[in-house]
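Breakdown of the fold
Below, each chain spelled out in residue letters.
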Amino acid sequence: MFDNLLYQDAALQLEHDIAASRLPGALLLSGPAASGKLTCALELARVLSCHAKGEWTCTCPSCLQHKALVSTNMLLAGPRDCCLEISAAKKALLSAVAENSRHLTAVRYLFVRSVRKLTLRFSTVLLQDDDNLNKIAVLTSAINELLEEIDLPRQLPPLDELTQICDDLEKQCIKLSDGFMYDSIPIAQVRNASSWARLFSNKGKKVIIIENADRMLEGVRNALLKILEEPPEDTVFVLTTSRRGAVMPTILSRVRNYAFSARSEREQQDVLERVFHVHGFSGGAGRSSCIEQYLMTFLPVTPERIHAAAERFFADASSGKIPDVTAIVKECNNFDPRLVLKLFLIDLEESRRNLLLTAQGTAAMQALSEAVRSCWNDVTVYNQTPAAALDVLVRSLVVLCADL
């Protein structure tokens, strides 16, 4: 039933609860990043709408729609960096076509689904009355038109034409993600999803998936609580998080937790081989999993280079020296895609540990976090250039470190 969820006991727990008709109306899938939580949530949505026994090989109309992620019985919301997975899936698809691989159908699904994992977060159901709806619609329409050229069961175009289509899709997805992906799900989307949940459906269970539920702001949490207190009988809510302790206790009391464990490196390598058909990749030491490290190889700048730039930036600012922002922006590929800037700021904030050595450490850590958050908002909300936002951040850091 959960054939695509590898090395997780949660799959067995879910199968048992479904078979015993004990599946709750609200679930929390908690565990490390890249442990298969979204895969599980999407598969659960398919199983609950299946007209047969829920097997992945089922070809009922509902299952075919869920496999292609076009079912009208599911909503997907919540922040997620989708573009690296799209790039990795693109590589797998083009390699499979070039090699006439027996895995071609599987990687076609992989690529199409990776794109729709992004576009589903911008559905018209979720974006009702959103000020950016028209701008987003232009991008999603362009993406959907390109997807039609390669979606199953349509015959794939020749490799050179396919490559151009995939490249165009990747660029459009980066525009959509960089321009409109949020750090915390907007309250309007939760309210729109709640209204949708109360609509009658004759197509089986409806499923609402909200990723990274720990990032919800207080108002959003309260809006979600209202629907979780009295969820419609034909709707299942699936929340995911990699930080269970950061989820509001009142939400935890209304969901059943299914715990995901960290896979061993060998298990992760097997996932890479079976999903992306990558052989022999071994991640280095660090906080990221082997799967995350593989996806990072699709960044235009290596994580090591980003980390080094962030350390140099902080070292200069903390010593009273003005960092060469122009050189850092160039070194980091102009922070394109936006994920590069996000990783840079995360690494920069990690440098705050040095501030703990002072008596004013706690206040300094908080001030640094606020300055970093303001820099991110200047770029993502107020459309400043990364260079301009970093110039402001430099001044904040110089003043902050001078006071220590």
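Our subject is the structure listed above.
Residues numbered from 1 in each chain as written. Predicted model: local features only at pLDDT ≥ 70, side-chain atom pairs only at ≥ 80, totals over all residues. Heavy atoms only, no water.

Some remarks on the side chain of Ser114
The condition is simple: Strands here are runs of E lasting at least two residues and helices are runs of H or I lasting at least four, both read from the DSSP assignment and numbered beginning at the N terminus. Any N or O atom pair separated by 3.5 Å or less is treated as a polar contact, with the protein-specific requirement of one donor-capable and one acceptor-capable atom, and with residues adjacent in sequence counted only for side-chain atom pairs. Whether two residues are in contact is decided by their heavy atoms: any pair within 4.5 Å suffices.
Relative to the helices and strands, Ser114 resides in helix α5 (residues 104-119). One polar contact links the side chain of Ser114 to the main-chain carbonyl oxygen of Phe111, over a distance of 2.6 Å. Each residue touching Ser114, except ones within four places of it in the same chain, is listed here: Glu85, Ile86 and Ala89.

A short note on unusual backbone geometry
Between Leu152 and the following residue, Pro153, the backbone shows a cis peptide bond with an omega angle of 5 degrees. If you trace the backbone, Pro153 turns up in the loop between α6 (133-148) and α7 (159-180). Positive phi, normally seen in glycine, also occurs at Ser21, with a value near 55 degrees. With respect to the helices, strands and loops of the structure, Ser21 is situated in the loop between α1 (10-19) and β1 (26-30).

Overview of helix α15 (residues 338-350)
Stated formally: Each helix should span, by expectation, one fewer than its residue count multiplied by 1.5 Å. Buried means the residue's accessible area, taken with a 1.4 Å probe over protein chains only, is under 20% of the maximum for its type, while exposed means over 50%, and partly exposed covers the values in between.
Compared with an ideal rise of 1.5 Å per residue, which puts 13 residues at 18 Å, α15 spans 19 Å between its outermost C-alpha atoms and is within 8% of the ideal. In terms of residue burial, α15 counts as a mostly covered element, since 10 of its 13 residues are buried. Among the residues of α15, those classed as buried are Arg338, Leu339, Val340, Leu341, Lys342, Leu343, Phe344, Leu345, Asp347 and Leu348.

A short note on the nonpolar core
To keep things clear, this is the line we draw: Only buried residues count toward a nonpolar core. Its members are Ala, Val, Leu, Ile, Met, Phe, Trp, Tyr and Cys residues joined through side-chain atoms within 4.5 Å.
Leu224, Ile251, Phe313, Phe344 and Leu348 are the most contacted members of the largest nonpolar core, which has 101 residues in total. In terms of residue count, helix α4 (residues 83-99) provides more of this core than any other element does, 8 residues in total. Counting residues in hydrophobic clusters, the runner-up holds 27 residues, among them Met1, Leu5, Ala10 and Ala11.

Focus on the pattern of salt bridges
We apply this condition: When a carboxyl oxygen of Asp or Glu is within 4 Å of a side-chain nitrogen of Lys or Arg, the pair counts as a salt bridge.
Under the definition given, this model contains 18 salt bridges. In this structure, the salt-bridge partner of Arg80 is Glu85, at a minimum N-O distance of 3.3 Å. The class of Arg80 is partly exposed, set by a relative accessible area of 22%. Judged by relative accessible area, Glu85 falls into the buried class, the value being 12%. The partner of Glu229 in a salt bridge is Arg254, and the shortest N-O contact between them spans 3.4 Å.

Looking at helix α2 (residues 37-49)
In this model, α2 (13 residues) spans 19 Å end to end at C-alpha, consistent with the 18 Å of a helix rising 1.5 Å per residue. Of all 13 residues in α2, 12 are buried; the element is thus mostly enclosed. Restricting attention to buried positions, one finds in α2 the residues Lys37, Leu38, Cys40, Ala41, Leu42, Glu43, Leu44, Ala45, Arg46, Val47, Leu48 and Ser49.

Quick notes on the environment of Ser87
Summarising the element assignment, Ser87 is placed in helix α4. The class for Ser87 is buried, based on a relative accessible area of 9%. Taking the C-alpha atoms as reference points, Ser87 and Val379, 292 residues apart in sequence, are found 23 Å from one another. The residues contacting Ser87, other than those within four sequence positions of it, are Glu170 and Phe298.

Quick look at the packing of α5 against α7
Convention followed: Between the N-to-C directions of two axes lies an angle of 0 to 180 degrees, each axis being a line fitted to C-alpha atoms and, for a helix, fitted only over the stretch in contact. When describing relative orientation, an angle under 35 degrees is termed roughly parallel and one over 145 degrees roughly antiparallel, while 65 to 115 degrees is termed roughly perpendicular and anything else oblique. Each crossing gets its hand from how the near helix is turned against the far one by less than a right angle, where anticlockwise is left-handed and clockwise is right-handed. Gly counts as polar in this scheme, as do all residues outside two lists: the nonpolar Ala, Val, Leu, Ile, Met, Phe, Trp, Tyr, Cys and Pro, and the charged Asp, Glu, Lys and Arg.
As a packed pair, α5 and α7 sit with axes 10 Å apart at the nearest point and diverge in direction by 20 degrees. Compared by their axis directions, α5 and α7 come out roughly parallel. Seen from above, α5 lies across α7 with left-handed handedness. In this structure, α5 uses Phe111, Val115, Leu118 and Thr119 to contact α7, whose residues at the interface are Cys166, Leu169, Cys173, Leu176 and Ser177. Classifying every residue of the contact of α5 with α7 gives 7 nonpolar, 2 polar and no charged.

None of this, on its own, says anything about what the molecule does.
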